[in-house]
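A look at the structure
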Amino acid sequence: MLIHRPDGSVARPPVELAPSPAVLAGRRIGILDNRKPNADVLLTRLAERLAERTGATVVRTETKNAAIACEDQVLGLLAEEVDVILTGTAD
């Protein structure tokens, strides 16, 4: 008989996030909008306020479909052109 424990591991462990910069002054902020309702408004306002408070600059906004992973080309552009990416959901 094979018994499976309900508290066992069933998925890969989460990927670790990149470390956040200690200071945002002079950093470039990018936005990855997932096209959910109001996500663009929320992320744009957040980025603008963050830039005002820290001396960072909002330099790029990209969009993706919320239901699928971001295209490698878009991720590559963001990786090259920004230091911090804001993304999220807003239903």
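Here, every reference points to the structure presented above.
What counts and what doesn't
Residue positions are counted from 1 within each chain, in the order its sequence is given. Only residues with pLDDT of 70 or above have their local features reported here, since the model is predicted, and side-chain atom pairs are shown and tallied only from 80 upward, although totals for entire chains, interfaces and linings are computed over all residues. Excluding hydrogens and water, the side-chain values take into account all heavy atoms of the structure. Comment: elements are numbered from the N terminus, with helices defined as DSSP H or I runs of at least four residues and strands as E runs of at least two. Side-chain atoms alone can form a polar contact between residues adjacent in sequence; in general such a contact is a pair of N or O atoms within 3.5 Å, and within protein one must be able to donate a hydrogen while the other accepts it. Nonpolar cores were defined as sets of buried Ala, Val, Leu, Ile, Met, Phe, Trp, Tyr and Cys residues, with membership established by side-chain atoms within 4.5 Å. The cut-offs for exposure are 20% and 50% of the maximum accessible area for each residue type, with area from a 1.4 Å probe on protein chains only; residues under the lower value are buried, those over the upper are exposed, and the others partly exposed. Whether two residues are in contact is decided by their heavy atoms, any of which lying within 4.5 Å being enough. Two strands make a pair as long as DSSP finds a minimum of two bridges between them. A fitted line through C-alpha atoms serves as each axis, taken over the contacting stretch for helices, and the angle formed by two N-to-C directions is quoted from 0 to 180°.

What follows deals with the side chain of N34. On the secondary structure map, N34 appears in the loop between β1 (28-33) and α1 (39-54). At 2.6 Å, the side chain of N34 forms a polar contact with the backbone oxygen of G88.

Further remarks concern the nonpolar core. If you look at the biggest cluster of nonpolar residues, it comprises nine residues: L24, I29, I31, L43, A47, A51, A56, V84 and L86. Those elements giving two or more residues to this core turn out to be β1, α1 and β3 (84-87). When residues of this core are assigned to their parent elements, the largest contribution, three residues, is made by α1. In this structure A56 touches L24, A25, G26, R27, I29 and A51, once residues within four positions along its chain are discounted. With five residues, the next largest nonpolar core counts C70, V74, L78 and V82 among its residues.

For the rest of this paragraph, the subject is the sheet that holds β3. In spatial order, the strands read β2-β1-β3; together these three strands make up an open sheet with parallel pairing. Each edge of the open sheet carries a strand with a single partner, namely β2 (57-63) and β3. Put simply, the sheet's adjacent strands are angled 25 degrees from each other on average, direction ignored. Taken together, the four bridges between β1 and β3 define a ladder with parallel strand orientation. Bridging from a neighbouring strand, I29 pairs with V84 of β3. This element, α1, spans β1, β2 and β3 of the sheet and lies at about 170 degrees to β1. Sheet strands touched by helix α2 (residues 72-81): β1, β2 and β3. Its angle to β2, the strand with the most contacts, is close to 175 degrees.

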